[in-house]
Amino acid sequence: MVNDDLNDHNKPITALGDDSSTDEEHQIILGPVWAYGLSTTTTVSTTTTSTSTTSTTTTTTSTSTSTTTTSSSTSTSTSTTTTSTTSTTTTTTSTTTSTSSTTTTTTTTTSTTTTTSMSTSTTATTTTTQEGRSMVNMWSSSSTNTFVGYNGTVTNIGTQAIGTIVRDSAPFYIVGDNGGTLTEWQSTAMAGTVFVHSPYRNGPQMYRMYALEAATVSVYKNGVLEATQNVAAYSYETITGAYTSYVMSFNSTGSILLASWCTDSADYNPIPPASQTIYGSCSTLSAVYAYDYGETVSVTQSCSDGTTATLSAGSRATISTFGSQYTGKACKWTAPAGKLIGGATVGDGDGGDSTTFLPLTLFQQVTPLPKTLEYLFLISDQAATCSTASGTTYSLTGSATNGVYKYYTSSNIAAGTVLSCDAPITALGDDTSTNEEYQIILGPVWAYGISTTTTVTTTTTSTITTTTTSTTSAVSVSYSFLFGGESVSSVPGAILDTGHSYGDYKTSQGYTYGWLCDGSPMSSSQETSQISGVRAPPRSTYGLNHFDRENVCKSGSTYLPVTWKLDVPAGSYQVSVLFPESYKSQCSVMGTNAGCGSSSCTYSSTVTVGNDGFYIGGFGHDSGLCHSVGLVIISGEELDADFNGTGPVAPALQIALI
């Protein structure tokens, strides 16, 4: 089922609100969006009998458009022609619509022949890329697990064991229950290896670690080792202790999900990985805290009302209320380069829950609401506008200088409402039945293919004199990529690469891009390391991302090559690559040393790209060989005129409860 009202969402936000029945706030967090499409089969048959001298031209046009960098389409066609004396005039034009690419054509006249009879059958198969997400039940133990889909359908999927994974091919979210406390299921987009959290009240507290791969987790309490926990892949472990007001830091050897809950059934928190910049709002009391406990970490607070402040988060920096029920401003908190922080807020004035502060990488553009909300709070780094299928719109306002925007309403919003936003947002609200706030967090997606087949059969009996003309097309490519996680006005229309593995995302023209370790797409832990290296502008002008910030792309003590790749077709391209900081002796472009010194270095050249695409290379942060990349600009034209403008897609995925 496809809801066409969801197709227009160009800008991100985030959202929160208060459930009208329980007066408890919750957040709605998904993350980057997915695309979805329709599959159709069309058959057209035409028969013509005539005697004449004519010129016959058949034109087939295949057009693909995309509004996100995570969708693509693949078109292939086959043609079989049987004749006694044969002539066809065929013009085929393949056009891909994109904000950063164009299509050029060349025409050549080839021959003149006479046709006495002709039968032509053409079959074209189009594979449209679609995407989905997966969520894990971290703490819901009741028979109420509310699933809401992208079309607004709300369903109770009943009792599900802790550790159950649900996968779906379209946007969805699940909220569960444990003893009357709302317990959000957790998106695998929240997986990471480095976390920090500080519970405010209601001890003792519990932390649950769910491993997406085998992991050993070291837990620190105010910088002192508290516990070491081994967690098998696709299983979980839980620790309990008196942790109120302590800064709890988690360091894992593998990719895990982390959640916190108080033993008196309050303050349930899905915890995101620690980040340099986080977004949220203070309801009654908030705190921001540094992963490196005890160090001097000066954090800048920048808010939607234009105000700024400086906090010291070396231990635990507390923040007083912005207004109960989340009626106050939205803010972002930014740590110095190389430092990671976390944050949370508690006490919206009723109920007994809390919400965590989130990085931009967990914002989303489609937000389905599983529960009726007493209030709704949305946050974005842009002036986003969200709309519903009924035509209601929510416009975020705030500070362009600070890059923080918000929307708030205290009007009830029904379960099954789906927000479609023109920029990424995060969302939270308060469930009317429990007065508990919750967040909706999804994150990056996977791709799969749906085939569309069109068959056109034409039979003609005639005497025709024709001229055969063939038209070929070649795709021109022009892209800019920024690596600091935020747009820069001096590079308009750039794609933001936020450190995800090669294969997670495609350009609107269908070209796969992302990060590899030793020639293979990054694992979850390697991807987490890459994401943690993002540093926002103006760090060396455009922002940057380190090559493997946490040094996990290694074999023993040997640093393995870390590669960023764009799967453009074979051709000649003009490229410009900025290596902005520090050591650069082994930075490379297309396998060739970039020849950089110790200062900021821009490699500009014309390169020939083969079947392996365009790529740049470096090594882990502590190797001292290649520190970071800030900007990639590439433009040129493919060599193969038959290229269909798409990259590979993964197999179709179905909903599964496992």
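Please refer to the structure higher up on the page.
From a predicted model like this one, the values you see are computed outputs, not experimental measurements.

The rules behind these values
Residues numbered from 1 in each chain as written. Predicted model: local features only at pLDDT ≥ 70, side-chain atom pairs only at ≥ 80, totals over all residues. Heavy atoms only, no water. Phe/Tyr/Trp six-rings, centres within 6.5 Å; stacked < 30°, edge-to-face > 60°. Helix = DSSP H or I, 4+ residues; strand = E, 2+ residues; numbered from the N terminus. Buried < 20%, exposed > 50% of the residue type's maximum accessible area, 1.4 Å probe, protein only. Pairing = 2+ DSSP bridges. Contact = heavy atoms within 4.5 Å. Axes fitted to C-alpha atoms, helices over the stretch in contact; angles between N-to-C directions. Disulfide = S-S within 2.5 Å.

**Side note on the packing of aromatic side chains**
Link 1 in the chain: In the structure shown here, the tally under the stated rule is 20 aromatic pairs.
Link 2 in the chain: On the basis of an interplanar angle of 70° and a centroid distance of 5.5 Å, the ring pair of tyrosine 279 and phenylalanine 363 is categorised as edge-to-face. Residue tyrosine 279 is located in strand S21 (residues 277-280), and its partner phenylalanine 363 is located in the loop between strand S28 (354-356) and strand S29 (364-368); the two are separated by 84 residues in the primary sequence. In terms of burial, tyrosine 279 and phenylalanine 363 fall into one category: buried.
Link 3 in the chain: For the ring pair tyrosine 326 and phenylalanine 377, a centre distance of 6.1 Å and an interplane angle of 55° mean the geometry is tilted.

**Side note on the sheet that holds strand S52 (residues 628-629)**
Link 1 in the chain: Pairing in this open sheet of 3 strands is antiparallel, and the strands run S42-S43-S52 from one edge to the other. Of all strands in the sheet, those with a lone pairing partner are strand S42 (534-535) and S52, marking the two edges.

**Side note on the environment of serine 387**
Link 1 in the chain: You can see serine 387 is positioned in strand S31 (residues 385-387).
Link 2 in the chain: Sequence separation of serine 387 and leucine 419 is 32 residues, and the distance between their C-alpha atoms is 5.5 Å.
Link 3 in the chain: Discounting chain neighbours no more than four positions away, the residues touching serine 387 are Thr392, Thr393, Val418, Leu419 and Ser420.

**Quick word on the sheet that holds strand S11 (residues 172-178)**
Link 1 in the chain: Read from one edge to the other, the open sheet built from 4 strands follows the order S9-S8-S11-S12, with strand pairing classed as antiparallel. Each end of this open sheet is capped by a strand with a single partner; those strands are strand S9 (154-156) and strand S12 (181-184). Averaged over all neighbouring strand pairs, the angle between strand axes comes to 25°, with direction disregarded.
Link 2 in the chain: Judged from the 4 bridges that link them, strand S8 (residues 146-149) and S11 form a sheet pairing that is antiparallel.

**As for the state of the cysteines**
Link 1 in the chain: The tally for this structure, following the rule as stated, stands at 5 disulfides.
Link 2 in the chain: Bridging cysteine 303 to cysteine 331, the disulfide has an S-S length of 1.9 Å. Taking the torsion about the S-S bond as the criterion, the cysteine 303 to cysteine 331 disulfide, at about 100°, is right-handed. Taken together, the residues cysteine 303 in strand S23 (residues 298-303) and cysteine 331 in strand S26 (residues 331-334) connect sequence positions 28 residues apart. As far as the burial class goes, cysteine 303 and cysteine 331 line up, both buried.
Link 3 in the chain: One disulfide bridge connects cysteine 517 with cysteine 553, the sulfur atoms lying 2.0 Å from each other.

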